[in-house]
Amino acid sequence: MRRKLAAGNWKMNGTGDNLAQIAALTAAHPAPGVDILICPPATLLSRVSDAAGNAIATGGQDCHAAGSGAHTGDISAAMLKDAGATHVILGHSERREDHGENDQDVRDKANAAIDAGLTAVICVGESLAEREAANTLAIIGGQLAGSIPDGVTAQNMVIAYEPIWAIGTGKIPTLDQIGEVHDFIRTALEKRFGPGVGRSTRILYGGSVKPSNAEGIFAVSNVDGALVGGASLKAEDFGPIITALENA
Ligand code: PEP
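Residues numbered from 1 in each chain as written. Predicted model: local features only at pLDDT ≥ 70, side-chain atom pairs only at ≥ 80, totals over all residues. Heavy atoms only, no water.

## Concerning the overall build of the protein chain
Regarding its fold elements, the protein chain presents ten helices and eight strands. For the C-alpha atoms alone, the extent of the protein chain along its principal axes is close to 45 × 45 × 35 Å. Across the 248 residues that make up the protein chain, the buried fraction comes to 50%. Considering only contacts in the protein chain between residues 6 or more positions apart, those separated by 24 or more positions represent 73%. Accessible surface for the protein chain amounts to roughly 10600 Å². Of this, 51% is attributable to carbon and sulfur atoms. Charged side chains in the protein chain number 19 positive and 28 negative. The centres of these two groups are separated by 4 Å. (Helix = DSSP H or I, 4+ residues; strand = E, 2+ residues; numbered from the N terminus. Buried < 20%, exposed > 50% of the residue type's maximum accessible area, 1.4 Å probe, protein only. Contact = heavy atoms within 4.5 Å. Areas by Shrake-Rupley, 256 points an atom, 1.4 Å probe, with all protein chains shown as cover. Lys, Arg positive; Asp, Glu negative; His and termini not counted. Charge placed at Lys NZ, Arg CZ, Asp CG, Glu CD.)

## A short note on the environment of Ile140
Mapped onto the fold, Ile140 is located in helix α7 (residues 136–147). Overall, the relative accessible area of 0% leaves Ile140 in the buried class. Sequence separation between Ile140 and Leu233 is 93 residues; the distance between their C-alpha atoms is 28 Å. Sequence-distant contacts of Ile140, defined by excluding residues within four places in its chain, comprise Val124, Gly125, Glu126, Tyr161, Val181, Phe184 and Ile185.

## Quick word on the pattern of salt bridges
Applying the stated criterion to the full structure yields 14 salt bridges. For Glu94, the salt bridge goes to Lys11, with nearest N and O atoms at 2.9 Å. One end of the pair, Glu94, is in helix α4 (residues 93–98); the other, Lys11, is in the loop between β1 (4–9) and α1 (19–28), with 83 residues separating them in the sequence. Here Glu94 falls in the partly exposed class, since its relative accessible area comes to 29%. The residue Glu101 makes a salt bridge to Lys109 at a minimum N-O spacing of 2.7 Å. Residue Glu101 is classed as buried on the basis of its relative accessible area of 8%. A single network of salt bridges, built from pairs that share partners, joins Asp62, Arg95, Glu101 and Lys109. (Salt bridge = Lys/Arg side-chain N within 4 Å of Asp/Glu carboxyl O.)

## Comments concerning helix α5 (residues 103–115)
With 13 residues, α5 extends 18 Å between its outermost C-alpha atoms, agreeing within 8% with the 18 Å of an ideal straight helix rising 1.5 Å per residue. Within α5 the residues assigned to the buried category are Val106, Arg107, Lys109, Ala110, Ala112 and Ala113. Against α3 (77–82), β4 (87–90), α4, β5 (119–124), α7 and α8 (175–200) lie the buried residues of α5. Sitting at the head of α5, Asn102 places a side-chain oxygen 3.1 Å from the backbone nitrogen of Gln104. At the exit of α5 stands Gly117, carrying a positive phi of roughly 95°. (Expected span 1.5 Å × (residues − 1). Polar contact = N/O pair within 3.5 Å; in protein donor to acceptor, adjacent residues only side chain to side chain.)

## Some details on the site of the ligand
For the ligand, the set of nearby residues contains 14 residues, the closest of which are Lys11, Glu162, Gly168, Ser208 and Gly229. A distance of 2.5 Å separates an oxygen atom of the ligand from a polar side-chain atom of Lys11. Between Glu162 and the ligand, the recorded distance is 2.7 Å, taken from a side-chain N or O atom to an oxygen atom. Partitioning the shell around the ligand into residue classes produces four nonpolar, eight polar and two charged. (Near = heavy atom within 4 Å. Nonpolar A, V, L, I, M, F, W, Y, C, P; charged D, E, K, R; others polar.)

## Description of the side chain of Gln143
Tracing the backbone shows Gln143 in helix α7. We classify Gln143 as buried; its relative accessible area is 12%. Setting aside anything within four residues of it in sequence, one finds Gln143 in contact with Arg96, Asp103, Val124, Gly125 and Ile148.

## A few points about unusual backbone geometry
Of all residues except glycine, most have a negative phi; of all peptide bonds, most are trans. At Ala134, a position not held by glycine, the phi torsion is positive, near 60°. Checked against the element boundaries, Ala134 lands in the loop between α6 (128–132) and α7. For Ala134, a relative accessible area of 68% gives the class exposed. Although it is not a glycine, Asn222 adopts a positive phi angle of roughly 65°. Accessibility expressed as a relative area gives 19% for Asn222, which makes it buried.

Structure follows, in structure tokens:
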């Protein structure tokens, strides 16, 4: 049995003013059937953790592969944990594009996160050119093989399928396309890690999830929740997505 997960990625958005959204979310959408995770900018992590209490988990958006050292501007997994995080997003396509992160980098970071006691939310996804060339499954398969460390469990890893061309664009794949990729990921996890881990690991869909399309997406097989960017910034948008997930 996989618990559903609604995860919000605030990206480089938010100051102390946004803390009111956490209170609004907690008050308006108590969702006992759904795990809720907010990944704010690192500057807000401890304040969001304090505001969220037990109702909402918090996570980082990246971590360094090393535990400490001369890495100006970077943050270690242990530091995220110290600030209240239980999760960290790794390998988001914006990190892969803006910072040249490759699968090995993501794997190293995932190892560091897991060693520090965090759950790694590992992102995979194809570009539009890769989808149009009918390479989606090959790309996803390669990213899964390269980015996920050996020895993971269903507790310390979540997979997020995020087609790059769907992020922040308002476009989403067809529900059949989402189902095809999620089924493929499930099978790949079962083959590599065995049926226990494979069947228990949560697989999120991410890319332009909104209140208006959430119900359809959550009805797709092997979609265990969502990683939500823009629509996670406001409780009035994220709340209905959480409700749709709870009702799925
Ligand atoms: C994301 O950045 O992980 C994301 C899914 O963004 P959006 O929901 O805004 O497309």
